Amino acid sequence: MGNCIICGASVDGHICKSHEEDVVFVFEGNSPNQLTPGRYYEGSVDGFAEFGVFVDIGTSVTGLLHRSELDRRLDSLDWQSGDTVYVQVTDVRDNGNIDLGWSIRQDEAEFRGKLIDNPSGDKLPEEEEKQEVAATTEGTQQATTQVRTPDGSDATPSSDKTEEPGEAPDEGNADSASDASGADDEQDGTDESAQAESAQAESAQDESAADEPATADESDAAPEPSDDEPLARTQIDGLTEQVGQVVSIEGEVISVRQTSGPTVFELRDESGVIECAAFEEAGVRAYPDVSVDDVVRLEGEVERRHDNIQVETESLTILEGEEAAAVDERMQAAIDDEADPGSIDLLADHDAVAAVTDEIREVATAIRRAVIESRPVVVRHRATAEGYVAGAAIERAVLPLVREEHARDDAVYHFFERRPLDEPVYDMDAATNDVTDMLDARERHGEQLPLVVLADLGSTLESRESYDLLDVYDADRVVVDAGHPDEEIVDSVAGIVNPHLAGSGDDVTSATLAANVAAHVNEDVREDLRHLPAVSFWADAPSAYTDLASEAGYDADETRELREAIALEAYYQSYKDKRELITDLLFNESDGLAGHVSEQFRIKLERELETARRNVSTRTAKGIEFAVLDADAFTHRFDFPPTELLLEALHREQAAETDETLVTLALGDDDLYLRSTDHVDMRGVADEVAEVVPESGLSVVGGRDGHLEYLSGEREDVLNATVSAIAKSFKP
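Scope of this entry: the structure provided in the associated data block. (Residues numbered from 1 in each chain as written. Predicted model: local features only at pLDDT ≥ 70, side-chain atom pairs only at ≥ 80, totals over all residues. Heavy atoms only, no water.)

### Examining the sheet that holds strand β13 (residues 246–258)
One closed barrel holds the five strands; their spatial order is β13-β14-β15-β17-β16, and the pairing between them is mixed. Across this sheet, the average inter-strand angle for adjacent strands is 55°, counted without regard to direction. Summarising the sheet, strand β16 (residues 295–305) and strand β17 (residues 308–318) pair through 10 bridges and their orientation is antiparallel. Residue pairing in the sheet places Glu-303 in a bridge with Gln-310 of β17. Along the sheet, helix α5 (residues 321–339) makes contact with β13, β14 (263–268) and β16, crossing β13 at roughly 80°. (Pairing = 2+ DSSP bridges. Helix = DSSP H or I, 4+ residues; strand = E, 2+ residues; numbered from the N terminus. Axes fitted to C-alpha atoms, helices over the stretch in contact; angles between N-to-C directions. Contact = heavy atoms within 4.5 Å.)

Here it is as structure tokens:
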């Protein structure tokens, strides 16, 4: 039995199952069947093909990383043949073919440990080195060493030869000379009387030196602190000037991770964050009583490793009582000052946004504080064009701040995540997923609990149960949402940007609000965000935002292409953030990318619209015109476009042909979506329909702007009751 090099648990080997994916393996075998699927391996690029990359993992062992496994386009990879890369072995087929998966970590330092995958068993790198040294030493000892004797002939010294006192040592062997010198103490005259005389002479010299006046250098030198005198505290932002010095730092532990060698504590004070390595034994947790959120005093030597500053820990003490309170008060005061975004300067003049300037400042402060406190920021947004643009705006602002705050190369993956949602609400499924991930990150990586940022969702009652679950773990959340909110939810979040709460908001998008928040999270990215509000409007974008986009270099056609391209990419693999692809579309102006994707959007949308137009039925109730599409019968429901996007496009076409109030309905097997030229409160509609069709199992999803869900057997009755309820809701 051994111990896991990361968590220290007893295992049969060097790594436990729960941490196997945190380790990178170097393969020393020569056959594919010696690989272990699921593990991450170090390899080198062997070559490229249209369908992927060939990667050498070991001698005569090559696998294929298919382009479908990449998190970016194949032609955007900056790999060259021979480059060291990191991949996951996902499968070894019966014919010996090896399927590889993408690793988000492309640097050895981003893994928490390293092991040698040898056919005879896993080894630590140091074990391999010891074996190599032992083999080298054994070979050296077995080699015949020729030495020159005084008469000029060569001789082979005997290993069991014993020198007699007074015998001259071999001149060709320094170690032998040293030993002979030690053996000849008596011959060299270092007897007791001689030692006494030498000691007296040294004493006399010391006294003479003491009587002489000190030189300028000696008198100016700062006295070394005594063992009883504590080191003065050093701020983390001043450590670059202290390389090679022993310093004392006071702060809060924000993460703890165990490597195959030292334990790495990430420490934060009022000025910054630093990694501190503490070594107990290879793979053994140092200072096991110290955990995340502890306030500590650490002493150690400042070193520079791979162009980064790190402290080699000599002592680590948990502070309590007044000492801990003083450190915490000092840090909180500094964080309060740094987290404040200052005065609010909106991207453009817009009454709906101006109505929530205080809330924008509050939410921007919460996000900035989370980054400074080294709490992960998790952005949840809808998998729609508007949701992706909103999430990408906040991502654009936060990532540079994370890079500034942390020296770790993988910090942007540990301290920021963007997770799209198919549903229009932050429900229990999403919250359970987030809680599971955050507890896993705390257990495996020693991370703090995150700040959850909800963009384009989260302000309706359907999220209450999810917030209650987050409350169990004291996980904070903020909301940026332009949808009609339920005021009962306001107290469930740390901050909410929603103009409807201020009596405005019918002409604004969630992405517009998010872009304004992002501009105050990080002023340096303000210029990058100017075109995003215009991109998020499907129609009737305020001139303030189209002008702003034009100033940023985006005309109306370009913003339309971006909107359509994001909408198409949001649909495919909707649960993935597609960070690099979305960045390329929105910010990198990649030649032809938006236009190419946008063209596919229009082709697919027009094909569905053509069918929908021919199958729309109309009816009138109390002077209100209704256009009804049987989405279950006349759409490809599991292909692009999704029902909501198709309905949006169909409604815009229908509304353009009439000056009257128009309601367009898309009726599915067990759900009903609508768009209207005048606002319809779906909660009120649902209440009336439920009274008329009590057996329908009716529920509303997404609040006043949401859709209805019901039992499929009551489909026609629900449709008739809905038309009647909507007609009654409009005033004559």
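Resuming the write-up.
### Overview of the packing of aromatic side chains
Tallied over the entire structure, the rule returns 13 aromatic pairs. Ring centres 6.1 Å apart and planes at 90° place the aromatic pair Phe-51 and Phe-54 in the edge-to-face group. Positioned above the aromatic ring of Phe-25 is the side chain of Arg-39, whose terminal nitrogen or guanidinium carbon lies 4.0 Å from the ring centre. Stacked on the ring of Tyr-40, the Lys or Arg Arg-105 has its end atom at 5.4 Å from the ring centre. (Phe/Tyr/Trp six-rings, centres within 6.5 Å; stacked < 30°, edge-to-face > 60°. Lys NZ or Arg CZ within 6 Å of the ring centre and 35° of its normal.)

### Some details on helix α18 (residues 593–614)
With 22 residues, α18 should reach 32 Å at 1.5 Å per residue; the first-to-last C-alpha distance of 33 Å fits that figure. Each element contacted by the buried residues of α18 is listed here: α16 (556–571), α17 (579–586), β23 (616–621), β24 (624–630) and α20 (643–656). (Expected span 1.5 Å × (residues − 1).)

### Points about the nonpolar core
In terms of nonpolar packing, the biggest core is built from 85 residues, with Ile-367, Val-517 and Leu-586 touching the most fellow members. In terms of residue count, the dominant contributor to this core is helix α8 (residues 385–405) (12 residues). Counting 29 residues, the second largest nonpolar core, distinct from the first, contains Leu-35, Val-53, Leu-65 and Ile-98. (Core = buried A, V, L, I, M, F, W, Y, C linked by side-chain atoms within 4.5 Å. Buried < 20%, exposed > 50% of the residue type's maximum accessible area, 1.4 Å probe, protein only.)

### Points about the sheet that holds strand β22 (residues 495–497)
In space, the five strands of this open sheet follow the order β19-β18-β20-β21-β22, with parallel pairing throughout. Two strands in the sheet have a free side with no partner beyond their single neighbour: β19 (416–421) and β22. Each adjacent strand pair in this sheet contributes to an overall mean axis angle of 15°, direction not counted. Strand direction decides the pairing type here: strand β18 (residues 377–382) and strand β20 (residues 451–455), joined by five bridges, are parallel. Looking across to β20, one finds that Val-378 is bridged to Val-452. Strand contacts of helix α7 (residues 357–372): β18, β20, β21 (477–480) and β22, with the helix running at about 130° to β22, the strand carrying the most contacts. Here helix α11 (residues 464–472) sits on the sheet in contact with β20 and β21, set at roughly 150° to β21.

### Some thoughts on α17
Among the eight residues in α17, seven count as buried, and that is most of the element. Burial in α17 covers these residues: Arg-579, Leu-581, Ile-582, Thr-583, Asp-584, Leu-585 and Leu-586. Where α17 is buried, its residues meet α8, α9 (411–414), β19, α14 (532–536), α16 and α18.

### Overview of the packing of α16 against α18
Following both chains from N to C, one finds α16 and α18 inclined at 70°, their axes separated by 8 Å at the closest point. As the angle between them shows, α16 and α18 are arranged roughly perpendicular. At the point where α16 passes α18, the crossing takes the left-handed sense. Note on element contacts: α18 touches α16 through Ala-594, Gly-595, Val-597, Ser-598, Gln-600, Phe-601, Arg-602 and Lys-604, opposite Arg-560, Glu-561, Leu-562, Glu-564, Ala-565, Ala-567, Leu-568 and Glu-569. Its residues assigned to classes, the contact of α16 with α18 shows seven nonpolar, three polar and six charged. (Parallel < 35°, antiparallel > 145°, perpendicular 65-115°, else oblique. Left-handed = near helix turned anticlockwise from the far one by under 90°. Nonpolar A, V, L, I, M, F, W, Y, C, P; charged D, E, K, R; others polar.)

### Overview of a negative patch on the surface
A grouping of Asp-422, Glu-423, Asp-429, Asp-669, Asp-670 and Glu-709 is seen on the molecular surface, where their side chains present a negatively charged patch. Mapped onto the fold, Asp-429 is located in helix α10 (residues 428–445). (Patch = residues over 30% accessible without salt bridge, like charges linked within 9 Å, V, L, I, M, F, W, Y side chains within 5 Å. Areas by Shrake-Rupley, 256 points an atom, 1.4 Å probe, with all protein chains shown as cover. Salt bridge = Lys/Arg side-chain N within 4 Å of Asp/Glu carboxyl O. Lys, Arg positive; Asp, Glu negative; His and termini not counted. Charge placed at Lys NZ, Arg CZ, Asp CG, Glu CD.)

### Some details on the side chain of Thr-722
Among the structural elements, Thr-722 can be located in helix α22 (residues 715–729). Setting aside anything within four residues of it in sequence, one finds Thr-722 in contact with Leu-672, Val-685, Val-689 and Leu-708.

### Details of the side chain of His-19
Along the polypeptide, His-19 turns up in the loop between β2 (10–11) and β3 (23–27). Judged by relative accessible area, His-19 falls into the buried class, the value being 5%. The contact partners of His-19, leaving out residues within four places of it in the chain, are Cys-4, Ile-6, Cys-7, Arg-112 and Arg-444.

### Some thoughts on the environment of Gly-121
Looking at the element boundaries, Gly-121 is found in strand β10 (residues 121–123). Its relative accessible area of 26% is what places Gly-121 among the partly exposed residues. Taking the C-alpha atoms as reference points, Gly-121 and Gly-13, separated by 108 residues in sequence, lie 8.2 Å from one another.

### Remarks on the pairing of β18
Of all six residues in β18, six are buried; the element is thus mostly enclosed. The alternating pattern of β18 places Val-377, Val-379 and His-381 and Val-378, Arg-380 and Arg-382 on opposite faces, both of which are buried. Looking at chain direction, β18 and β19 are connected through six bridges and run parallel. Bridge pairing in β19 links Val-378 to Glu-417.

### Overview of the state of the cysteines
Going through the model one piece at a time under the given rule, you end up with zero disulfides. With no disulfide partner, Cys-4 has as its closest neighbouring cysteine sulfur the one in Cys-16, 3.6 Å distant. Taking relative accessible area as the criterion, Cys-4 reaches 0% and is therefore assigned buried. We classify Cys-16 as buried; its relative accessible area is 10%. (Disulfide = S-S within 2.5 Å.)

### Points about the environment of Trp-102
On the secondary structure map, Trp-102 appears in strand β8 (residues 98–102). Sequence-wise, Trp-102 and Glu-69 are 33 residues apart; in three dimensions their C-alpha atoms are separated by 5.7 Å. If near-sequence neighbours (up to four positions away) are discounted, Trp-102 is found in contact with Tyr-40, Leu-65, Glu-69, Leu-70, Asp-71, Arg-72, Leu-77 and Trp-79.

Just distances and angles here, no functional claims.
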